[in-house]
Amino acid sequence: AQSVSQHNHHVILSEAASLELGCNYSYGGTVNLFWYVQYPGQHLQLLLKYFSGDPLVKGIKGFEAEFIKSKFSFNLRKPSVQWSDTAEYFCAAGRGGRTGRRALTFGSGTRLQVQP
Amino acid sequence: EAQVTQNPRYLITVTGKKLTVTCSQNMNHEYMSWYRQDPGLGLRQIYYSMNVEVTDKGDVPEGYKVSRKEKRNFPLILESPSPNQTSLYFCASSSLQVRPYEQYFGPGTRLTVT
């Protein structure tokens, strides 16, 4: 069965520190990968997405992620976090085919707390 | 503005009292889906719909029903809610024309069943 693992459940950083959140997936075949962010009390917003091409993907708010096929990983990075990045981050994977239910399988989330 | 809307945003109800959570999107998306979010479990898919009158079960469909009579609307129905359905619910929609089928999420409905 498809699964997505996020290894860090709660991360606390100081402002200006660098961030890397791990995400591993288990899917066969073509896979689409996403990172979503959920600010406190808000809905999920897309940070970035990957389905083909350059494995280094740049998203909004200075975030980027690297798809490493051999490691089944799609880690999220940001060189310098800000207090406003405090949120919960979800990695998600979905099948890339034209058929099927296109469900996104989500990881359990990583709560990021940035201290001023 | 392109968006997915859900109503109500907050709901407290009692066991067994039927309720409906509405979901509507204005992007002409074919695909719509319901998820529930529980601490430590991420989001899990309840039901999805590939188009009007086409619905199917997700990973956790027990205790829920859906319908898709119009393209823009995808209501979630709890015929007899139970306390284990206390959760945060998200509706999402996606175009099936453009990869990677990015899903757009509604604001969420926080449901408490006592």
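Residues numbered from 1 in each chain as written. Chains lettered and ligands numbered in written order. Predicted model: local features only at pLDDT ≥ 70, side-chain atom pairs only at ≥ 80, totals over all residues. Heavy atoms only, no water.

Each partner contributes residues to the interface: chain A has 25 residues there, and chain B has 25 residues. Across the contact surface, chain A and chain B share one salt bridge. Run the count over chain A and chain B and you get four residue pairs in polar contact (both at pLDDT 80 or more). Every element with two or more residues in the side of chain A that touches chain B is listed here: β5 (31-38), β6 (44-50), β10 (87-95) and β11 (104-106) of chain A. Among the elements that take part in the side of chain A that touches chain B, β5 of chain A stands out by supplying four residues, more than any other. (Contact = heavy atoms within 4.5 Å. Salt bridge = Lys/Arg side-chain N within 4 Å of Asp/Glu carboxyl O. Polar contact = N/O pair within 3.5 Å; in protein donor to acceptor, adjacent residues only side chain to side chain. Helix = DSSP H or I, 4+ residues; strand = E, 2+ residues; numbered from the N terminus.)

Here we take up the packing of aromatic side chains. Under the definition given, this model contains 15 aromatic pairs over all chains. Between Y25 of chain A and F72 of chain A, the ring centres sit 5.6 Å apart and the planes meet at 70°, which makes this aromatic pair edge-to-face. Pair noted here: Y25 of chain A is in strand β4 (residues 24-26) and F72 of chain A is in the loop between β8 (64-68) and β9 (73-78), with a separation of 47 residues, a long-range link. Judged by relative accessible area, which is 40%, F72 of chain A ranks as partly exposed. Taking the centre distance of 6.0 Å and the plane angle of 75° together, the rings of F106 of chain A and F105 of chain B count as edge-to-face. (Phe/Tyr/Trp six-rings, centres within 6.5 Å; stacked < 30°, edge-to-face > 60°. Buried < 20%, exposed > 50% of the residue type's maximum accessible area, 1.4 Å probe, protein only.)

With that settled, the discussion passes to the sheet that holds strand β1 (residues 4-7) of chain B. All names here are of chain B. Reading across the sheet, the four strands line up as β1-β3-β8-β7 and stay open at both edges, with antiparallel pairing between neighbours. Looking along the sheet, the strands with just one partner apiece sit at the ends: β1 and β7 (65-66). Taken together, the four bridges between β1 and strand β3 (residues 19-25) define a ladder with antiparallel strand orientation. Bridge pairing in β3 links N7 to T22. (Pairing = 2+ DSSP bridges.)

Summarising the model, chain A shows a mean pLDDT of 90, and 93% of its residues fall at 70 or more. When mean pLDDT is compared element by element in chain A, strand β3 (residues 19-21) of chain A scores highest at 97, while β11 of chain A scores lowest at 85. (pLDDT = per-residue confidence, 0-100.)

A few words now on the nonpolar core. Counting residues in each nonpolar core, the largest one holds 29 residues, and the members touching the most others are W35, L48, F74 and Y89 of chain A. Listed in part, the 19 residues of the second largest apolar core include V21, I46, L76 and L78 of chain B. (Core = buried A, V, L, I, M, F, W, Y, C linked by side-chain atoms within 4.5 Å.)

Residue and element names in this part refer to chain B. By the element assignment, S94 lies in strand β9 (residues 87-94). The exposure class assigned to S94 is buried, which follows from its relative accessible area of 1%. Looking at S94, its side chain comes within polar contact range of the main-chain oxygen of E102, at 3.3 Å. Contacts of S94, omitting those with residues within four sequence positions, involve H29, E30, Y31, Y101, E102 and Q103.

Let us look at the state of the cysteines. For the structure shown, the criterion picks out two disulfides over all chains. The disulfide partner of C23 of chain A is C91 of chain A, and the gap between their sulfur atoms is 1.9 Å. Across the S-S bond of C23 of chain A and C91 of chain A the torsion is about -65°, and the bridge reads as left-handed. One end of the pair, C23 of chain A, is in the loop between β3 and β4; the other, C91 of chain A, is in strand β10, with 68 residues separating them in the sequence. Exposure class is identical for C23 of chain A and C91 of chain A. Each is buried. Put simply, C23 of chain B and C91 of chain B are joined by a disulfide, and their sulfur atoms are 1.8 Å apart. Taking the torsion about the sulfur-sulfur bond, which here is approximately -75°, the covalent link between C23 of chain B and C91 of chain B counts as left-handed. (Disulfide = S-S within 2.5 Å.)

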